[in-house]
Amino acid sequence: MQNHLSPTSGAERQIPPERRLRVAEVRKTTPITPHMRRVTLASTALMNFPVRRPAQWVKLFVPTTENEKPSGRAYTIRHFRESPCEMDIDFVLHGDGPCSTWAQSAKPGDVVQIAGPRSGFRIDPRVTHLLIGGDETALPAIGAILEALPAGLAVEAFVEIPEDADAQIIHSKADVEVAWLPRNGRDAGTATDLSAAMMMADLPDENSEVWFAAEASVVRTVRRHFQLDRTMPRNRLTMSGYWKKGETDFRDSDGDQ
Ligand SMILES: Cc1cc2nc3c(=O)[nH]c(=O)nc-3n(C[C@H](O)[C@H](O)[C@H](O)COP(=O)(O)OP(=O)(O)OC[C@H]3O[C@@H](n4cnc5c(N)ncnc54)[C@H](O)[C@@H]3O)c2cc1C
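Calculation rules
- Residues numbered from 1 in each chain as written.
- Predicted model: local features only at pLDDT ≥ 70, side-chain atom pairs only at ≥ 80, totals over all residues.
- Core = buried A, V, L, I, M, F, W, Y, C linked by C-beta atoms within 7 Å.
- Buried ≥ 20, exposed ≤ 12 C-beta atoms within 10 Å, placed from the backbone.
- Helix = DSSP H or I, 4+ residues; strand = E, 2+ residues; numbered from the N terminus.
- Contact = placed C-beta atoms within 7 Å.
- Pairing = 2+ DSSP bridges.
- Axes fitted to C-alpha atoms, helices over the stretch in contact; angles between N-to-C directions.
- Expected span 1.5 Å × (residues − 1).
- Arc of directions from axis to C-beta.
- Domains from an automatic or database assignment.
- Nonpolar A, V, L, I, M, F, W, Y, C, P; charged D, E, K, R; others polar.

**So, the nonpolar core**
Then, number 1: In terms of nonpolar packing, the biggest core is built from 33 residues, with I132, I142, I145, F212, A214 and V219 touching the most fellow members.
Then, number 2: Taken together, the elements giving at least two residues each to this core come down to β8 (129–134), α3 (139–148), β9 (154–161), α4 (193–200), β11 (208–215), α5 (216–229) and β12 (237–243).
Then, number 3: Per-element accounting of this core gives the leading share, six residues, to α3.
Then, number 4: Residues within four places of F212 in sequence aside, it is in contact with G133, G134, M198, V219, V222 and M239.
Then, number 5: Core analysis: the next-biggest nonpolar cluster, separate from the first, contains 22 residues, M36, L60, I77 and M87 among them.

**Concerning the sheet that holds β11**
Then, number 1: Strand order in the open sheet made by the five strands is β10-β9-β8-β11-β12, with parallel pairing throughout. The open sheet has two edge strands, β10 (175–182) and β12, and neither has a second partner. Looking at each pair of strands side by side, their axes are set apart by 10 degrees on average, direction ignored.
Then, number 2: One ladder, built from eight bridges, connects β9 with β10; its direction is parallel. Bridging across to β10, E160 finds its partner in L181.
Then, number 3: Sitting on the sheet, α3 is in contact with β8, β9, β10 and β11, with an inclination near 160 degrees to β9.
Then, number 4: The strands that α5 touches are β11 and β12; relative to β11, the one it contacts most, it runs at about 155 degrees.

**Some remarks on α5**
Then, number 1: Counted at 1.5 Å a residue, the expected span for α5 with its 14 residues is 20 Å, and the 19 Å between its end C-alpha atoms agrees.
Then, number 2: Residues A216, V218, V219, V222, R223 and F226 constitute the buried set of α5. Down the axis of α5, the smallest arc covering the buried residues is 150 degrees, so these residues share one side. Exposed positions of α5 whose direction lies more than 90 degrees from the buried face are R224, L228 and D229.
Then, number 3: Against α4, β11 and β12 lie the buried residues of α5.
Then, number 4: Of the residues flanking the end of α5, it is T231, one or two places downstream, whose phi is positive at about 40 degrees.

**A look at the domain arrangement of the chain**
Where interface size is quoted, it is often the accessible area lost as the parts come together.
Then, number 1: Taken domain by domain, the chain comprises domain 1 (18–118) and domain 2 (129–243).
Then, number 2: Taken over C-alpha atoms, the centre of domain 1 sits 24 Å from the centre of domain 2.
Then, number 3: Where the side of domain 1 that touches domain 2 is concerned, the elements lending two or more residues are β1 (22–33) and β6 (86–92).
Then, number 4: Grouping the amino acids of the side of domain 1 that touches domain 2 by side-chain chemistry returns six nonpolar, four polar and two charged.

**Some details on the sheet that holds strand β5 (residues 79–81)**
Then, number 1: Read from one edge of the open sheet, seven strands run β4-β3-β7-β1-β2-β6-β5, paired in antiparallel fashion. The open sheet has two free edges, formed respectively by β4 (73–76) and β5, since each of these has just one partner strand. Neighbour-to-neighbour, the strand axes of this sheet turn through a mean angle of 40 degrees, independent of strand direction.
Then, number 2: Sheet analysis places strand β3 (residues 57–61) next to strand β7 (residues 111–118), joined by four bridges and oriented antiparallel.

**Topic: the environment of V58**
Then, number 1: Position of V58 relative to the elements: it lies in strand β3.
Then, number 2: We classify V58 as buried; it has 26 C-beta atoms within 10 Å.
Then, number 3: Along the primary structure V58 and R126 are separated by 68 residues, whereas in three dimensions their C-alpha atoms are 28 Å apart.
Then, number 4: In this view, V58 contacts Y75, I77, I114, A115, G116 and P117; residues no more than four positions away in its chain are not counted.

Here it is as structure tokens:
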């Protein structure tokens, strides 16, 4: 006989695997740059976690106080290592919000919950040129994508970062040119260099693809440019607002991931 908590009960069977909550523990933390901290999460619950593409992401639930309702935030899987069942997540330390605050002081043994993985970047063999861009929240995804690209692909990348010291070394087999765009004291989500660089970039032919993620209003501007001014086909564009200035737990209803 099954009770309602039985793993084979109807209620359990209806939860799709990517929505199931898995408990994971902080194994270690590593400072990456002044505004980014890597948290390595480990758990046997991550065994057979279906990470198949670069830039897949998870919903991460950090501990809350007793009366607070847990609310997940999206974070990119920067690396996944199958045999020790580990994943690295690179957190932007933006100084506000439960996840950024948690990451700032996370230590080995701390526990989080994870649901996913979702979405990710599909490498289309017909694409010969990739224009990719984003702010520091998109840098883990951009890093994972660049590392996975094959040789022979031409890539132009624009990455907005808080300051020069937040630039990272990223290896790729593709022919990549990265331009780092430091804000140097300007508030996140207010600089226009990134959107201007994206909108001025050359797309050599119909085998070009664009991937972009940043603050929501910046993404809106860039999305409109490629959709309306350049009339790029929808299937060549991936655009997502990763966060929105002044809004907690933002979800981009027009976003592609
Ligand atoms: C698919 C996807 C993948 C993502 N991957 C990553 C990732 O790998 N690493 C990462 O750091 N972020 C990533 N993000 C962005 C992250 O989910 C948001 O920044 C989220 O708001 C952080 O949650 P929080 O609890 O820190 O802040 P919230 O509680 O959501 O927000 C609190 C306040 O902080 C502001 N805020 C939120 N993010 C920022 C920011 N970056 N800079 C300045 N102010 C901010 C909000 O406007 C709000 O006023 C990703 C988002 C998506 C959709």
